[in-house]
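# Fold and geometry: a report
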Amino acid sequence: MPEIEELLLPHISRLKTYQGVSPSETLAEEAGIPLEQVIRLNGNENPYGPSPQVAEALGSFRDYNHYPDPSQRRLRGALSDYLGVAEENIVAGNGSDEIIDLLMRMFLAPGDEIIIPVPTFGMYSFSADVAGAQAVAVPRDDNFDIDIEAIRGAITPRTKAIFFPTPNNPTGNVVTEAQARALLDTGLLVVSDEAYYDFCGQTLKPLLSEYRNLVVLRTFSKWAGLAGLRIGAGAMDAELAATMMGMKPPYNVNLAAEVALLASLSDTGILLDRVDAIVKERGRMYRLLCEIPGITVWPSQANFILCKMPDGRGLEVYEAMCRRGVFLRYFDNDLLRDYIRSSVGKPEG
Ligand SMILES: *Cc1c(COP(=O)(O)O)cnc(C)c1O
């Protein structure tokens, strides 16, 4: 009889786990501080929470005993109004992370490749690894701008797709339309992950009508404060959307997430006021950080700011902040040695 491990797929048994953010209780316990003192600035979450309408709508909804609609009729209708894209071009996901995973499973066979300009969001290489494929990392330039020539040079017969966030996580800068067109003209699948769109207003969405190989991702985790309910969406070519609708888990978006999304989209006034407050606070935080000698601060179009600490001091600063209850994102890798990312919080902390 084989050992159970021998039946496992080799690329799954050697998978590198994605490091997500820990619950506040765990952070408090590890830092030895009371729960109320935890300031979470490590996950780019919304410090203001969801719209007040969300709790109300979740509490008064009566049909949790029903399955969600596999065709996502109400969801896609609401998303269509919000995105200004036809329903047939939209798929809702259990977070935009699920759309990323579905794209990998639609396009990648074991041994295939995607290209990711790095440093960037960790989910692309993680999901590619799960599919048995390989994420080929192409370094960005000194300003963290994507390097079109280097990306072109990294394309092989096995390359299927190019994934990038705009604004990029964790560097905060955007991909221009001209850069996007250069990538789209390769004919590969190009995924513009616009998780932070609402903090900058720049989108590649208008290019959807020109390029069938473009997918634009949006999430309600950041600007709408729904990270815990898991709801995101992809806008794409209608045939691609139909294929994705046909292969996704039928009930992928739960009814609580649907109810919360509909309530949020009917209460965007307060949510957008909070986005404005976060953008204003981002400016204040940027100016204050720039005044600290020895650290380098990158301008950001998102709800976080990336800084470089003096050489060899990143871990020390990160740990000192943890002890004070301020949890930041520290990157334990060569590309971002001594860098720290902080989400933009409330002005009063
Ligand atoms: C936070 C983040 C996401 C995650 O979105 P979910 O909808 O919560 O899955 C996707 N892409 C980027 C670049 C992010 O930073």
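Note on numbering: residues in each chain are counted from 1, in written sequence order. Only residues with pLDDT of at least 70 get local features here, since the model is predicted, and only at 80 or more are side-chain atom pairs given and counted; chain-wide, interface and lining totals rely on the full set of residues. The side-chain numbers reported here are obtained from all heavy atoms of the structure, hydrogens and water having been left aside.

## Here we look at helix H6 (residues 96–107)
The end-to-end C-alpha separation of H6 is 17 Å, in line with the 16 Å expected for 12 residues at 1.5 Å each. Summary of the burial criterion: residues with accessible area below 20% of their type's maximum are buried, those above 50% are exposed, and those between are partly exposed, where the area comes from a 1.4 Å probe applied to protein chains only. Counting from the N terminus, the helices are DSSP H or I runs at least four residues long and the strands are E runs at least two residues long. Ser96, Glu98, Ile99, Ile100, Leu102, Leu103 and Met104 are the residues of H6 that are buried. A helix is expected to span 1.5 Å for every residue after the first.

## Brief notes about the pairing of strand E3 (residues 113–118)
Counted residue by residue, E3 has six buried out of six residues, so it is predominantly covered. A two-sided burial pattern is seen for E3, the buried positions comprising Glu113, Ile115 and Pro117 on one face and Ile114, Ile116 and Val118 on the other. Strand pairing requires that DSSP identify at least two bridges connecting the strands. Relative to strand E4 (residues 134–139), E3 runs parallel, the two being bridged by six bridges. Counted as the bridge partner of Ile116 is Ala137 from E4. In this fold, the crossover linking E3 to E4 by way of helix H7 (residues 123–130) has right-handed handedness. The crossover handedness rule: strands pointing away from the viewer, path from first strand over the helix to second strand clockwise, crossover right-handed.

## Description of the nonpolar core
If you look at the biggest cluster of nonpolar residues, it comprises 68 residues, and the most contacted ones within it are Leu183, Leu214, Phe220, Trp223 and Ile231. No other element matches the seven residues that helix H11 (residues 255–265) contributes to this core. Residue contacts follow a heavy-atom distance rule, with two residues in contact if any of their heavy atoms lie within 4.5 Å. Once residues within four sequence positions are removed from consideration, Leu214 is found in contact with Leu184, Val190, Ser192, Leu204, Leu207, Leu208, Ala235, Met236 and Asp237. Only buried residues count toward a nonpolar core. Its members are Ala, Val, Leu, Ile, Met, Phe, Trp, Tyr and Cys residues joined through side-chain atoms within 4.5 Å.

## Some points on the sheet that holds strand E8 (residues 232–235)
Within the open sheet, the seven strands sit side by side as E2-E8-E7-E6-E5-E3-E4. Their pairing is mixed. The strands lining the two open edges of the sheet, one partner per strand, are strand E2 (90–93) and E4. Averaged over neighbouring strand pairs, the angle between their axes works out to 25 degrees when direction is ignored. Across four bridges, strand E6 (residues 189–193) lies against strand E7 (residues 214–219) in parallel orientation. Bridging from a neighbouring strand, Val190 pairs with Leu214 of E7. Each axis is a line fitted through C-alpha atoms, and for a helix only the stretch in contact is used; angles between axes span 0 to 180 degrees, taken between their N-to-C directions. The sheet contacts of helix H5 (residues 73–83) involve E2, E7 and E8, and relative to E2 the element is tilted by about 115 degrees. Contacts between helix H10 (residues 238–247) and the sheet are confined to E2, E6 and E7, with E2 contributing the most and set at about 35 degrees to the helix.

## Structural notes on the environment of Val191
With respect to the element layout, Val191 can be found in strand E6. Here Val191 falls in the buried class, since its relative accessible area comes to 0%. Between the C-alpha atom of Val191 and that of Arg40, which follows or precedes it by 151 residues, the distance is 29 Å. When near neighbours in sequence (up to four residues on either side) are disregarded, Val191 contacts Leu103, Ile162, Phe163, Phe164, Val215 and Leu217.

## Topic: the packing of aromatic side chains
Centres within 6.5 Å make a pair out of two Phe, Tyr or Trp rings, where for Trp the six-membered ring is used; the pair is then stacked when the planes are under 30 degrees apart, edge-to-face when over 60, and tilted otherwise. For the coordinates displayed, the defined rule picks out 14 aromatic pairs. A ring pair is formed by Tyr82 and Phe220, whose centres lie 5.4 Å apart and whose planes are at 55 degrees; its orientation type is tilted. On the criterion of sequence distance, the pair formed by Tyr82 in helix H5 and Phe220 in the loop between E7 and E8 is long-range, its members being 138 residues apart. What makes Tyr82 partly exposed here is its relative accessible area of 23%. Overall, the relative accessible area of 1% leaves Phe220 in the buried class. Relative to Tyr339, the ring of Trp298 lies with its centre 5.4 Å away and its plane at 40 degrees, an arrangement referred to as tilted. Of this pair, Trp298 sits in the loop between strand E9 (296–297) and strand E10 (304–308) while Tyr339 sits in strand E13 (residues 339–343), placing them 41 residues apart in sequence. Taken together, the aromatic side chains of Tyr18, Phe121, Tyr124, Phe126 and Phe163 make up a single cluster linked through ring pairs. We call a charge positioned over a ring when the NZ of a Lys or the CZ of an Arg lies within 6 Å of the ring centre and within 35 degrees of the ring normal. We note Arg341 situated over the ring of Phe304; from NZ or CZ to the ring centre the distance is 5.7 Å.

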